[in-house]
Structures are given as C-alpha cells and as structure tokens.
Amino acid sequence: MTLLSRNVDITLATATAACTTLDMRDVTRAAVMFGTLSANVTTLQLWAGLSASGTFARVYKADGNAADLTITPSTSAGQVCSLPEQVYATQFLRLVATHGDAVGVPGTVMLKS
C-alpha cells in the first residue's frame, strides 16, 4: 500500500477561529514542522470539529488530560513534531497557540493517508 501525502501551510494564532483548519478525514499520520520559535512557545492546543466551519472543541485523551502538542522551542533550529494519536479520530483539526509569541508563526503540517 502506498501512502499519499500532502502538505498544508499554517499560521499560528491564539484564537481558535483564526487558525487554519486541517481536513483529517483520511489522515493516518501527521507531523508539523516549524522554523525557529520563541522560548515562550511550548504548547499547542488541539481543537476538533465535525465540519470545517462548525464548532470546535478541545481534544482530550481517554485519561481526561488534554491532548496538547508539547514543543521544545529553539531560536536557532527548526523542529518537526508528530501529532498525537487522538487527532486521527477527528474530522477537522486546528492547532491553537497558547502564547502570544506564536501568533503569525508559519509552519507546515505534513499529512499522510
């Protein structure tokens, strides 16, 4: 079986409605790539919705903890972070920054299906 891939450019924001919506309906694996980041950017929240323009809610693990993406920021090197397994059960996904220093930071989400 050959995996299909596509890249989606995103720009981080702290407002869920301002974030890029990712179509996760056929995705089996994904990672996000960023360039350098402020030391204050350590977490991205994951929000899911049933439709691209509908209501979005925070993604949680089965144990009740948020399924956030933890980042180790660097001002000298970029990084690639795999998305947690909980996102593969979602229809649509948004990556939401938790710190204002992340607003406007570009990234690329690499999706495999």
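Residues numbered from 1 in each chain as written. Predicted model: local features only at pLDDT ≥ 70, side-chain atom pairs only at ≥ 80, totals over all residues. Heavy atoms only, no water.

1. Considerations on the environment of threonine 42
Here's step 1: With respect to the helices and strands, the residue threonine 42 is situated in the loop between strand S3 (29–34) and strand S4 (43–49).
Here's step 2: Separated by 27 residues in sequence, threonine 42 and leucine 69 have C-alpha atoms that sit 8.4 Å apart.
Here's step 3: Not counting chain neighbours up to four residues away, the residues in contact with threonine 42 comprise Leu69, Thr70, Ile71 and Pro73. (Helix = DSSP H or I, 4+ residues; strand = E, 2+ residues; numbered from the N terminus. Contact = heavy atoms within 4.5 Å.)

2. Points about the nonpolar core
Here's step 1: Of all hydrophobic cores here, the largest spans 27 residues; its most connected members are Val32, Phe34 and Leu95.
Here's step 2: Discounting residues that sit within four places of it in the chain, valine 32 has contacts with Ile10, Leu69, Gln79, Val80, Cys81, Leu83, Leu95, Thr108 and Val109. (Core = buried A, V, L, I, M, F, W, Y, C linked by side-chain atoms within 4.5 Å. Buried < 20%, exposed > 50% of the residue type's maximum accessible area, 1.4 Å probe, protein only.)

3. Here we look at the state of the cysteines
Here's step 1: Evaluated as defined, the whole model comprises zero disulfides.
Here's step 2: Free of any disulfide, cysteine 19 has its nearest neighbouring cysteine sulfur in cysteine 81, separated by 16 Å.
Here's step 3: Residue classification places cysteine 19 among the buried positions, given a relative accessible area of 7%.
Here's step 4: The exposure class assigned to cysteine 81 is buried, which follows from its relative accessible area of 8%. (Disulfide = S-S within 2.5 Å.)

4. Things to note about the side chain of glutamine 45
Here's step 1: The residue glutamine 45 is located in strand S4 in this model.
Here's step 2: Judged by its relative accessible area of 17%, glutamine 45 falls in the buried class.
Here's step 3: There is a polar contact of 3.0 Å between the side chain of glutamine 45 and the side chain of tryptophan 47.
Here's step 4: Once residues within four sequence positions are removed from consideration, glutamine 45 is found in contact with Arg58, Asp68, Arg94, Leu95, Val96 and Thr98. (Polar contact = N/O pair within 3.5 Å; in protein donor to acceptor, adjacent residues only side chain to side chain.)

5. Focus on the environment of aspartate 68
Here's step 1: Looking at the element boundaries, aspartate 68 is found in the loop between strand S5 (56–58) and strand S6 (69–70).
Here's step 2: On the basis of relative accessibility, which here comes to 24%, the residue aspartate 68 falls in the partly exposed class.
Here's step 3: For the pair formed by aspartate 68 and alanine 15, sequence separation is 53 residues and the distance between their alpha carbons is 16 Å.
Here's step 4: With residues near it in sequence (within four places) discarded, aspartate 68 still touches Thr43, Leu44, Gln45, Leu46 and Arg58.
Here's step 5: At 2.8 Å, the side chain of aspartate 68 forms a polar contact with the side chain of arginine 58.

6. Notes on the pattern of salt bridges
Here's step 1: This structure, assessed with the given rule, holds three salt bridges.
Here's step 2: A salt bridge links arginine 6 to aspartate 26; its shortest N-O distance comes to 3.4 Å. Here arginine 6, found in strand S1 (residues 5–11), pairs with aspartate 26, found in the loop between strand S2 (22–23) and S3; they are 20 residues apart in sequence, far enough to count as distant.
Here's step 3: Assessed through its relative accessible area of 30%, arginine 6 is described here as partly exposed.
Here's step 4: Between arginine 25 and aspartate 23 there is a salt bridge whose closest N-O contact spans 2.6 Å.
Here's step 5: Since its relative accessible area comes to 26%, aspartate 23 is described here as partly exposed. (Salt bridge = Lys/Arg side-chain N within 4 Å of Asp/Glu carboxyl O.)

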